[in-house]
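# Observations on the three-dimensional arrangement
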Amino acid sequence: MNTQITKEIIRSNLEAKLARYFGVKPDDATEHQIYQATVMSVKDLLTEKRSEFHETVKKQRPKKVYYLCMEFLVGRLLKNNLMNLGLSEEYRSVLSDMGFDLEQIYGMEADPGLGNGGLGRLAACFMDSLTSLDYAATGFSLCYEYGLFKQKIIDGNQIELPDNWMNTGDTWLVPRTDKSFLIRLGGQVHENWNDGKCTITYDNYQDVKAVPYDMMISGSDCQAVNVLRLWKAVDMTNFNMNLFSQGQYVRAIQETSNAEVITKVLYPSDDHDEGKLLRLTQQYFLVSASLQSIIADHLANYGTLYNLADKVAIHINDTHPALVVPELMRILLDVYSYSWEAAWNVVTRVVSYTNHTVLPEALEKWDVSLFRLKLPRIYMIVEEINRRLCEDLWSMYPGDWDRISRMAIIGYSQVRMANLSVAASHTVNGVSALHSDILKKTVFHDYYKAMPYKFTNVTNGIAHRRWLCYSNPQLASLLDETIGSGYRKNPVELEKFAAFKDDTSIHERLRSIKAENKLAFSKFHFNKTGVALDVNSVFDVQVKRMHEYKRQLLNVLKIISLYNEIKANPNGTYTPTTFIFGGKAAPGYYFAKDIIKLIWSLGEEIARDPKVKDILHVVYLEDYNVSTAEVLMPASDISEQISLAGKEASGTGCMKFMINGALTLGTLDGANVEMKAAVGDDNIFIFGLNADEVDDLWKRGYSSINYYMNNDRLRATIDRLRGDFAGNNFNFMVNYFLYNRGVADPYMCLADFESYLKVFDSLMNTYADETAWTAKSLLNIAGSGFFAADRSIRDYAENIWHTHAIKEMKK
């Protein structure tokens, strides 16, 4: 495309946008106006390319992929789109001529508040690869007005503020009011039987309009432009003019805005019934609108639903969109008069499911009373799905009530969304080899024994062009120079870089690139906080959602132990290290917020200690997001992937660090297992119990206090928690580790402590040998090609969705 778009055309487009929308010429334009004009001009280019791709898809009629997820953490779009289109340098030159800096323009864009963590980032990476590989695909999610929240850290306390990302981000959205649909909620449902046929009528229900806002997704070196369709809720209640005329302004407005709360915030707190109902409503709103859109699109193309299962693949990413199953049944039964058997045949051929967790509390369950109140017709359908499932299971396992109870979709007054997803999907996959194996052995063991053909694995992957080529351009240039640019389209070619593992000149280049990236991150951090980082220190990084199983606490124990050691022996030889943390705690997850406060307080305590502050630094990154990660990942030396073995499904941050040359310090959990296989035992630093050993220790009876009593270093570390850090007391953490009424130290930090510190010491000794360290870093880059989303998407397309990419059209 860059051969068709000249700098003259770009300038003309920008001038036209400035004149039409702002009434100014470039000389008089503000930076914000230039940003808006730039985005609009790029959106025009994508629209034109999208139109061409749409015509190609209509002619070739491939099986389309529809990917449903509650979150898509897409990150800033302007830079990614310009890089994908191959027009970044042309825009840079034109804007420079106008007196503007493209990097400054990039910085004006807010990260879209459409996601939170790994789930949403994975979905965004997959949309990138689906497009770059020329598959016809649509993503579906909600258009959250205020995102998850904007995180502020004040005296160590997480404060949640609205994320007003749409102030700059909505320029990318294309409202499609012509594609709106009605969603029916609540009320009473009546079955009316006549001549053996059932019609459904509703009373006292609420209609909410779902209005789509399309975000175009570009790819690199491809024909495709796909769409992420984001649904916004609009109340259908007529404005009450009488109330307004009587001066009851607030009440009048409230009556017409009740429904619009559905798409205000991602993951509202669910520690109360109102929050649970809102989450359930969000999920149904997403799937009902998306399915109506899918079916309308299919009918427009084919005029029949007869071939729906041959031309449509619907993928539910985690259990949030699991209501696709009963909602598609409802549409086929109630709207298109399918028989139950015919409708179920379609559903089970169309739907596939990715599981992302083995944590029981994360497998969604809804109270029957709430479910039936909000979704009465859907509950009726789920009841029938469950009845038929249990009937079939009784035939397979007569008398085995326990097994059937575990596999039932409704049990103990709860609707189990994971069981619904597995029962209805034609394929169920985990996201790493270990995770998929654990699913078959534990979480879905009964289903695996009954339906083994459903289960497979697709290891996660990352958008390697974004996380390597665009985020680390100097490293990408070195790779282009040494192995050619083929890896940009075929990431497996990164393995060629291993041939340079002993090349001292390449080592020097790699060290220089890392040093410059650390300097860039330090400047980035200083501009945001006014705090300078020691760029000559080791950057040891753990950035991820705050959760006990991810064991940020184990990292804290390590830092406290090092702190104790330096205090006891201030004249020892130490390597200066900056420990960088980042991530948000769910608003209702108060213990995770306590962990944030402990990390912050530890950092403050160390910064005030003249004996330690030049050796250890602890930094908590406020409001960690994709844009921060794009600067941080290339600057990192150590990647902390230290979850308790068997708890992390995969992780993708580990892959982003790896492809940028950081060395992994981790457990044999999630994707770490496959990363170890890819780079070899000598190029990854593994510690701690493996998943089988964890299970065995639980069975034998885990006693954290035994580890405490028998390890002097550990005991001194835990005892330090009895004192204050920066004036804040964390004695309750001692209770958590040693005396908790439920299970003390539930994620076995104390069991892995000694191994963790021993391997960390080994890692730091390796860092002191720059030749050995750089060789290992190089081999990690070379071994990262397998962990690209392009490979993941090809696995899904070939083995789960059974579709193919669009063939290139001759011009």
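Residues numbered from 1 in each chain as written. Predicted model: local features only at pLDDT ≥ 70, side-chain atom pairs only at ≥ 80, totals over all residues. Heavy atoms only, no water.

## Remarks on the packing of helix α10 (residues 273–302) against helix α12 (residues 324–335)
In the contact formed by α10 and α12, the axes pass within 9 Å of each other and the chain directions differ by 45 degrees. Viewed along their axes, α10 and α12 adopt a mutual orientation that is oblique. Seen along the crossing, α10 lies across α12 with a hand that is right-handed. Residues Tyr284, Val287, Ser288, Leu291, Gln292 and Ile295 of α10 touch α12, and the partners they reach there are Val324, Glu327, Leu328, Arg330 and Ile331. Taken together, the residues of the contact of α10 with α12 break down into seven nonpolar, two polar and two charged. (Axes fitted to C-alpha atoms, helices over the stretch in contact; angles between N-to-C directions. Helix = DSSP H or I, 4+ residues; strand = E, 2+ residues; numbered from the N terminus. Parallel < 35°, antiparallel > 145°, perpendicular 65-115°, else oblique. Left-handed = near helix turned anticlockwise from the far one by under 90°. Contact = heavy atoms within 4.5 Å. Nonpolar A, V, L, I, M, F, W, Y, C, P; charged D, E, K, R; others polar.)

## Quick notes on the nonpolar core
One recurring pattern in soluble globular proteins: nonpolar side chains tend to sit buried together. Judged by nonpolar contacts, the single largest core of 261 residues is most densely connected at Phe371, Phe497, Ile718, Leu721, Phe737, Leu750 and Trp801. Looking at which element gives the most residues to this core, the answer is helix α32 (residues 749–768), with 10 residues. Ignoring sequence-local partners within four residues, the contact set of Leu750 consists of Leu557, Tyr702, Ser704, Tyr707, Tyr708, Leu714, Ile718, Phe737, Leu738 and Asp745. (Core = buried A, V, L, I, M, F, W, Y, C linked by side-chain atoms within 4.5 Å. Buried < 20%, exposed > 50% of the residue type's maximum accessible area, 1.4 Å probe, protein only.)

## A word on the sheet that holds strand β20 (residues 616–621)
Pairing in this open sheet of six strands is parallel, and the strands run β20-β19-β18-β21-β22-β23 from one edge to the other. Edge positions in the sheet fall to β20 and β23 (685–686), since each of these pairs with one other strand and no more. Bridge count between strand β18 (residues 538–543) and strand β19 (residues 577–582): six bridges; the pairing is parallel. Opposite Val541, over in β19, you have Ile580 as the bridge partner. (Pairing = 2+ DSSP bridges.)

## Considerations on the sheet that holds strand β14 (residues 410–411)
An order of β13-β15-β14 is seen for the three strands of this open sheet, with the pairing classed as antiparallel. One side of each edge strand has no neighbouring strand; the edge strands of this open sheet are β13 (365–367) and β14. As judged from the two bridges shared by β14 and strand β15 (residues 414–416), these two strands associate in the antiparallel manner. Residue pairing across strands places Ile410 opposite Val415, the latter belonging to β15. Along the sheet, helix α17 (residues 417–424) contacts β13 and β15; its crossing angle with β15, the most-contacted strand, is approximately 40 degrees.

## Description of the packing of aromatic side chains
Tallied over the full model, the rule gives 24 aromatic pairs. Taking the centre distance of 6.2 Å and the plane angle of 80 degrees together, the rings of Tyr202 and Tyr205 count as edge-to-face. Taking relative accessible area as the criterion, Tyr202 reaches 18% and is therefore assigned buried. Overall, Tyr205 belongs to the partly exposed group, its relative accessible area being 36%. Taking 5.1 Å as the distance between ring centres and 90 degrees as the angle between the ring planes, the aromatic pair formed by Phe786 and Phe787 counts as edge-to-face. A connected cluster of aromatic rings, assembled from ring pairs, spans Tyr67, Phe72, Phe126, Tyr796 and Trp801. Across from the ring centre of Phe786, 4.0 Å away, lies the NZ or CZ of Arg791, which sits over that ring. (Phe/Tyr/Trp six-rings, centres within 6.5 Å; stacked < 30°, edge-to-face > 60°. Lys NZ or Arg CZ within 6 Å of the ring centre and 35° of its normal.)

## Topic: empty space enclosed by the protein
All told, the structure shown has four cavities of 30 Å³ or more when counted by the stated rule. If you go around the largest cavity, the residues you meet are Val74, Leu77, Asn80, Asn81, Arg121, Ala124, Met127, Asp128, Ile217, Ser218 and Arg466. Within the residue set of the lining of the largest cavity, elements represented by two or more residues are α3 (78–85), α6 (118–132) and β9 (206–218). Top element by residues in the lining of the largest cavity is α6. It accounts for four residues. Here the lining of the largest cavity is built from residues that sort into five nonpolar, three polar and three charged. (1 Å grid on protein atoms, 1.4 Å probe; cavity = no way out; pocket = protein on both sides within 12 Å on 5 of 7 lines; lining within 4 Å. Points joined across faces, edges and corners; volume = space filled by probe spheres on them.)

## Some points on the packing of helix α22 (residues 504–529) against helix α33 (residues 770–782)
One way to put it is that α22 packs onto α33 with a least axis distance of 10 Å and a crossing angle of 80 degrees. Considering the angle they form, α22 stands roughly perpendicular to α33. On α33, the residues that touch Ile506, His507, Leu510 and Arg511 of α22 are Glu770, Thr771, Thr774, Ala775, Leu778 and Ile781. Taken together, the residues of the contact of α22 with α33 sort by class into five nonpolar, three polar and two charged.

## Here we look at the side chain of Ser421
Among the secondary structure elements, Ser421 is positioned in helix α17. Polar contacts involving the side chain of Ser421 include one to the main-chain carbonyl oxygen of Met417, which spans 2.8 Å. What Ser421 contacts, discounting residues up to four positions off in sequence, is Ile316, Thr319, Ala322 and Tyr353. (Polar contact = N/O pair within 3.5 Å; in protein donor to acceptor, adjacent residues only side chain to side chain.)

## Quick word on the environment of His54
Checked against the element boundaries, His54 lands in helix α2 (residues 31–60). With relative accessibility at 32%, the residue His54 sits in the partly exposed group. Expressed as a C-alpha distance, the spacing of His54 and Ala136, which sit 82 residues apart in the sequence, is 8.7 Å.

Keep in mind these values describe shape, not function.
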